[in-house]
Amino acid sequence: KESGLIWWVENSESLFQIISKFKEHRVNEERIIKNDYCNNGYTMTSFQLYELYQQVTKENDSDEIDQYIWLMAPTSSIWLKKNINFVTSSALMSIAGYLIGLGDRHPNNILLQNTNGKITHIDFEDSFETTMNRIKYPEKVPFRLTKMIVNALDGGTPFGLFKTTCEDVLSLLKEAKQTVLAQFHLFTLDSTIMNNPKFNGKSIMKRIREKLEGKDLFILKEETPSAEIQVEKLINVSSNPELYATQFVGWCPFW
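The model shown is predicted, which means the values in this text are computed figures rather than measured ones.

Chemist: I keep staring at the overall build of the chain and nothing clicks. Help me out?
Modeler: When helices and strands are tallied, the chain shows 12 helices and 3 strands. Compactness check: the chain gives a C-alpha radius of gyration of 19 Å against a globular reference of 18 Å for 255 residues, within 12% of the reference. Each of the three principal axes of the chain carries a C-alpha extent, and together these read 50 × 45 × 45 Å. Across the 255 residues in the chain, those meeting the buried criterion constitute 47%.

Dropping the structure here:
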């Protein structure tokens, strides 16, 4: 409570900052559509939220991040390198976030480094699936893979370099399962975790083990011992707008 560690990510902007300044009228368009549809987006039902998502995305191309990476590259070769960095770093953080149950991945918690195109996540307070287990507006996807993110991946699909990188990362974690579990065990013994009512050490270890062993029934609903199949199912869940569009409106599913 009396000390902390801050690491400043230089030459970076949040996805929210990028999208907002790249197309300022987009925010106003979305607000108008939402006001026409429902006066208060915070009290919408899941069905209403999904209908609102469909209406907003129909009016917008959702390609701001893709265009931003292109515009920030002075040459095509630099653009290609930045795009590859964006895809691979997104995949790495997606699997890492999935393992620790990292939630609250709205656009202000994801940074894009202008110099190299790499993605960096911030704000890890809502880890260990606390957002998935909350009563009101629980999150339903393991990582952020919205339409705008997908459009910025190679070929506009998550089933290319993004998927293979996810498979590589998850395979490495599975191979090092005992080491990973040992590290998490030490982490759960820390006083900041043990004394925090939000977290339960035994539950954390149980969920980490289930994910590493391909027995994630909570998110994937079935056992998936193969890293390739597990990644495919994770992508299908995360990129499903019927799931992420019905989450808390502050998560910005339109982006």
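The rest of the description comes next.
Chemist: So what exactly am I meant to see when it comes to the packing of aromatic side chains here?
Modeler: Pairs of aromatic rings are described using the distance from one ring centre to the other and the angle between the two planes. Scanning the model with the defined rule gives 9 aromatic pairs in all. A ring pair is formed by Phe-128 and Phe-187, whose centres lie 5.9 Å apart and whose planes are at 45 degrees; its orientation type is tilted. Here Phe-187 lies in helix H8 (residues 177-188) and Phe-128 lies in the loop between strand S3 (119-121) and helix H6 (147-151), a separation of 59 residues in the sequence. A relative accessible area of 16% means that Phe-128 is categorised as buried. Exposure remark for Phe-187: the relative accessible area of 40% places this residue in the partly exposed category. Note on Tyr-244 and Trp-251: the rings are 5.9 Å apart at their centroids and 40 degrees apart in plane angle, and the pair reads as tilted. For Trp-251, a relative accessible area of 4% translates into the label buried. Over the ring of Phe-124 we find Arg-105; its NZ or CZ atom is 6.0 Å from the centre of that ring. When the ring centre of Tyr-98 is taken as origin, the NZ or CZ atom of Lys-211, which lies over that ring, is 4.9 Å away.

Chemist: Explain the packing of helix H7 (residues 161-175) against helix H11 (residues 227-238) here, please?
Modeler: When two helices pack together, their arrangement is given by the angle between their axes and by how far apart the axes lie. Orientation of H7 relative to H11, taken along the N-to-C sense of each, is 125 degrees, at an axis distance of 9 Å. Considering their axes alone, H7 and H11 lie oblique with respect to each other. The two elements H7 and H11 meet at a crossing, and its hand is right-handed. Here H7 contributes Phe-162, Lys-163, Cys-166, Glu-167, Leu-170, Ser-171 and Lys-174 to the contact with H11, which in turn contributes Ala-227, Glu-228, Gln-230, Val-231, Glu-232 and Ile-235.

Chemist: Could you clarify how one ought to interpret the pattern of salt bridges in this entry?
Modeler: Oppositely charged side chains can form a pair if their charged atoms are brought close together. Summed over all chains, the structure comprises 14 salt bridges. Lys-206 is the salt-bridge partner of Glu-210, the closest N and O atoms lying 2.6 Å from each other. On the criterion of helical spacing, the pair formed by Glu-210 and Lys-206 is a turn pair, its members being 4 residues apart in helix H10 (residues 201-212). Between Glu-213 and Lys-215 there is a salt bridge, and its shortest N-O distance comes to 3.8 Å. Overall, Lys-215 belongs to the partly exposed group, its relative accessible area being 37%. Overlapping salt bridges, with partners in common, bring together Glu-129, Lys-206, Arg-207, Glu-210, Lys-211 and Asp-216 in one network.

Rules of the game
- Residues numbered from 1 in each chain as written.
- Predicted model: local features only at pLDDT ≥ 70, side-chain atom pairs only at ≥ 80, totals over all residues.
- Heavy atoms only, no water.
- Helix = DSSP H or I, 4+ residues; strand = E, 2+ residues; numbered from the N terminus.
- Rg over C-alpha atoms; globule rule 2.2 N^0.38 Å.
- Buried < 20%, exposed > 50% of the residue type's maximum accessible area, 1.4 Å probe, protein only.
- Phe/Tyr/Trp six-rings, centres within 6.5 Å; stacked < 30°, edge-to-face > 60°.
- Lys NZ or Arg CZ within 6 Å of the ring centre and 35° of its normal.
- Axes fitted to C-alpha atoms, helices over the stretch in contact; angles between N-to-C directions.
- Parallel < 35°, antiparallel > 145°, perpendicular 65-115°, else oblique.
- Left-handed = near helix turned anticlockwise from the far one by under 90°.
- Contact = heavy atoms within 4.5 Å.
- Salt bridge = Lys/Arg side-chain N within 4 Å of Asp/Glu carboxyl O.

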